[in-house]
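Reading the structure
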Amino acid sequence: MNIAVVGLSHKTAPVDVREKLSIPETLYDRAIAQLCSCPHLEEVAVLSTCNRLEIYLVTSETEQGMREVTQFLSDHSKLFLPQLRPHLFTLLHQDAVMHLMRVASGLDSLVLGEGQILAQVKHCHKLGQQHQGIGRVLNQLFKQALTAGKRVRTETSIGTGAVSISSAAVELAQIKAQNLAACRVGILGAGKMSRLLVQHLLSKGAVNISILNRSLERAKELAKLFPDAELHLHPLSDLPTVLANSDIVFTSTAATEPLIDRAKLEMVLDPAQPLMLFDIAVPRNVHTDVNELSHVQAFNVDDLKAVVAQNQESRRQMAMEAESLLDEEVDTFDSWLRSLETVSTISSLREKVETIRAQELEKALSRLGTEFAEKHQEVIEALTRGIVNKILHDPMVQLRAQQDIEVRRQAMQTLTTLFNLETSSNKQFG
């Protein structure tokens, strides 16, 4: 049995491919149900963010399991396998375990050390449990990865001054516009990314900020987080007006189709009226045809890489410190996973001893007579169970706790031989 991950990220696929693979939360239940129906997949978890789509799986037949996941991704994205495969990566067992640890710690992010991914991994874990894709193995893996992410955040300085996608977008806007305080800024969306946009824009001196959202109540909730700022709130129907009266517009909504395109801009902008668009959503909120307008500059998440690169070098040494912490967490998880080998032997031993106990108890009660047996059966039952549990306790604890794999397997074989146990063949993880 193996743990594996199949997916793609900002490192392997451009945004136009990533957006085809994106799975919105409203479709998680369907995606997990479809994956769990595959004959070789025992557990699955889906991590979908603007920079990655990764399927974590537990499978007894690795090649078939990964083939099933790849086919699912092809069907979901409507990309033929030859188009999709060059963008996919696959990792097995310890490599897959370490990858999730690195993802949760922000070490695999576009922005090295960014903290938002930890919450996204936590949410992925929650959704996997909610939709019954995560079982014992992935549950423990995600718990260990979350622990690793928290340790990296608290025991290293990699998060100090680390930027998010939102702050990278604001930095790029500042480079392009030079003076954000003089710019009229629009933000399309009122989620967490938009909150971070407002936070970073205010820190850079922006004062004229408009927020548009389908739900005006959600926009008002966001505005309450910045009581000292004068934010202008609009329903999404005001988008043409805000576009016409903005110098810079950031977009970050969960819309699956572009909300801004060339035709819409031509209708609302004066001829040659300049506008900068920063689209940090995946799927993209801004259609690529806006680039056909000479007075419009459009940037997406892939365009942020140059800005991010300037912030990376100072955190590389911190990342090396973090890697050593992750090695410890991988070892802890691997020890837990290896201990599952003992389950079959322990279950067989307990079952055999329990069978002997029940048979001998029945004989003893029959000899004691019906009246005595009925009166004292509970006491005798508890006595025999207590004796069995105490005899088995130390061997079971020692077997589970044994770190040396060969010593543990020898102990299991010895128990199997001495007690003539009938154990199912153990499928090793690795």
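Residues numbered from 1 in each chain as written. Predicted model: local features only at pLDDT ≥ 70, side-chain atom pairs only at ≥ 80, totals over all residues. Heavy atoms only, no water.

Take the pairing of strand S7 (residues 231–235) next. Strand direction decides the pairing type here: strand S6 (residues 208–213) and S7, joined by five bridges, are parallel. Across the sheet, the residue bridging to Ser210 is His232, located in S7. (Pairing = 2+ DSSP bridges. Helix = DSSP H or I, 4+ residues; strand = E, 2+ residues; numbered from the N terminus.)

Now for the environment of Pro24. Along the chain, Pro24 turns up in the loop between helix H1 (15–21) and helix H2 (28–36). Sequence separation of Pro24 and Ser60 is 36 residues, and the distance between their C-alpha atoms is 28 Å.

Here we take up a nonpolar patch on the surface. A cluster of nonpolar residues, Leu383, Ile387 and Ile391, forms a patch on the protein surface that exposes about 300 Å² of accessible area. Along the chain, the position of Ile391 falls in helix H15 (residues 370–401). (Patch = residues over 30% accessible without salt bridge, like charges linked within 9 Å, V, L, I, M, F, W, Y side chains within 5 Å. Areas by Shrake-Rupley, 256 points an atom, 1.4 Å probe, with all protein chains shown as cover. Salt bridge = Lys/Arg side-chain N within 4 Å of Asp/Glu carboxyl O.)

Moving on, we get to the sheet that holds strand S10 (residues 296–300). If you trace the six strands from one edge of the open sheet to the other, you get S7-S6-S5-S8-S9-S10, paired in parallel fashion. Here the strands that pair on one side only, and so sit at the sheet edges, are S7 and S10. Looking at each pair of strands side by side, their axes are set apart by 20° on average, direction ignored. Note that strand S9 (residues 275–279) and S10 share five bridges and pair parallel. (Axes fitted to C-alpha atoms, helices over the stretch in contact; angles between N-to-C directions.)

What follows deals with the pattern of salt bridges. Going through the model one piece at a time under the given rule, you end up with 19 salt bridges. Measuring nitrogen to oxygen at the nearest pair gives 2.8 Å for the salt bridge that ties Lys11 to Asp108. Taken as a pair, Lys11 in the loop between strand S1 (2–9) and H1 and Asp108 in the loop between helix H5 (93–104) and helix H6 (116–130) lie far apart in primary sequence, 97 residues in all. A residue is classified by how much of its surface remains accessible, and Asp108, at 5% relative accessible area, is buried. Through salt bridges with shared partners, a single network forms among Lys11, Arg52, Glu54, Arg102, Asp108 and Glu323. (Buried < 20%, exposed > 50% of the residue type's maximum accessible area, 1.4 Å probe, protein only.)

Bringing the domain arrangement of the chain into the picture now. Here the chain is described as being made up of domain 1 (2–162), domain 2 (165–301) and domain 3 (341–419). Measuring from the centre of the C-alpha atoms in domain 1 to the corresponding centre in domain 2 gives 29 Å. Residue-level contacts link eleven residues of domain 1 with ten residues of domain 2. For the pair domain 1 and domain 2, the summed buried surface comes to about 1,000 Å²; carbon and sulfur atoms form 65% of the total. (Domains from an automatic or database assignment. Contact = heavy atoms within 4.5 Å. Buried area = accessible area lost by both parts, 1.4 Å probe.)

What follows deals with the packing of H6 against helix H7 (residues 136–155). At a minimum axis separation of 10 Å, H6 and H7 run at an interaxial angle of 165°. In terms of their interaxial angle, H6 and H7 are classed as roughly antiparallel. Of the two elements, H6 crosses H7, and the hand of that crossing is left-handed. Contacts between H6 and H7 involve Leu118, Val121, Lys122, Cys124, His125 and Gln129 from the first element and Asn139, Phe142, Lys143, Leu146, Gly149, Lys150 and Arg153 from the second. For the contact of H6 with H7, the class distribution of residues is five nonpolar, four polar and four charged. (Parallel < 35°, antiparallel > 145°, perpendicular 65-115°, else oblique. Left-handed = near helix turned anticlockwise from the far one by under 90°. Nonpolar A, V, L, I, M, F, W, Y, C, P; charged D, E, K, R; others polar.)

Next up on the list: the UniProt feature "active site" (unreviewed entry) in the chain. In this numbering, the UniProt entry assigns the feature "active site" (unreviewed entry) to Cys50. For Cys50, the position within the fold is in the loop between strand S2 (41–49) and strand S3 (52–59). Cys50 gets classed as buried once you look at its relative accessible area, which sits at 16%. The contacts of Cys50, once residues within four sequence positions are left out, are Arg18, Ile280 and Val282. (UniProt positions renumbered as here; feature names shortened; annotations may be inferred.)

Now for H5. The end-to-end C-alpha separation of H5 is 17 Å, in line with the 16 Å expected for twelve residues at 1.5 Å each. Of the positions making up H5, those classed as buried are His93, Ala96, Val97, Met98, His99, Leu100, Met101, Val103 and Ala104. Count one or two residues on from H5 and you reach Gly106, which has phi positive near 80°. (Expected span 1.5 Å × (residues − 1).)

Quick look at the packing of helix H8 (residues 165–177) against helix H9 (residues 192–203) now. Close contact between H8 and H9 brings their axes to 8 Å; oriented N to C, the two are set at 45°. One element, H8, and the other, H9, form an angle in the oblique class. Crossing angle aside, the handedness with which H8 passes H9 is right-handed. Within the contact between the two elements, H8 uses Ile165, Ser166, Ser167, Ala169 and Val170 and H9 uses Met193, Leu196, Leu197, His200 and Leu201. Grouping the constituent residues of the contact of H8 with H9 by class yields seven nonpolar, three polar and no charged.

On to the environment of Arg52. Relative to the assigned elements, Arg52 resides in strand S3. Arg52 sits 295 residues away from Ser347 along the chain, and the two C-alpha atoms are 40 Å apart. Leaving out residues up to four positions away in the same chain, Arg52 has contacts with Leu8, Ser9, His10, Leu47, His99, Val103, Asp108, Ser109 and Ile117.

It is worth spelling out empty space enclosed by the protein at this point. Here the structure, examined in full by the defined rule, presents two cavities of 30 Å³ or more. Taken as a whole, the largest cavity encloses approximately 40 Å³ of empty space. If you trace the largest cavity, you find it lined by Leu8, Arg18, Ser22, Thr49, Cys50, Arg52, Leu53 and Val282. Partitioned by chemical class, the residues of the lining of the largest cavity number four nonpolar, two polar and two charged. A volume near 30 Å³ is recorded for the second largest cavity. (1 Å grid on protein atoms, 1.4 Å probe; cavity = no way out; pocket = protein on both sides within 12 Å on 5 of 7 lines; lining within 4 Å. Points joined across faces, edges and corners; volume = space filled by probe spheres on them.)

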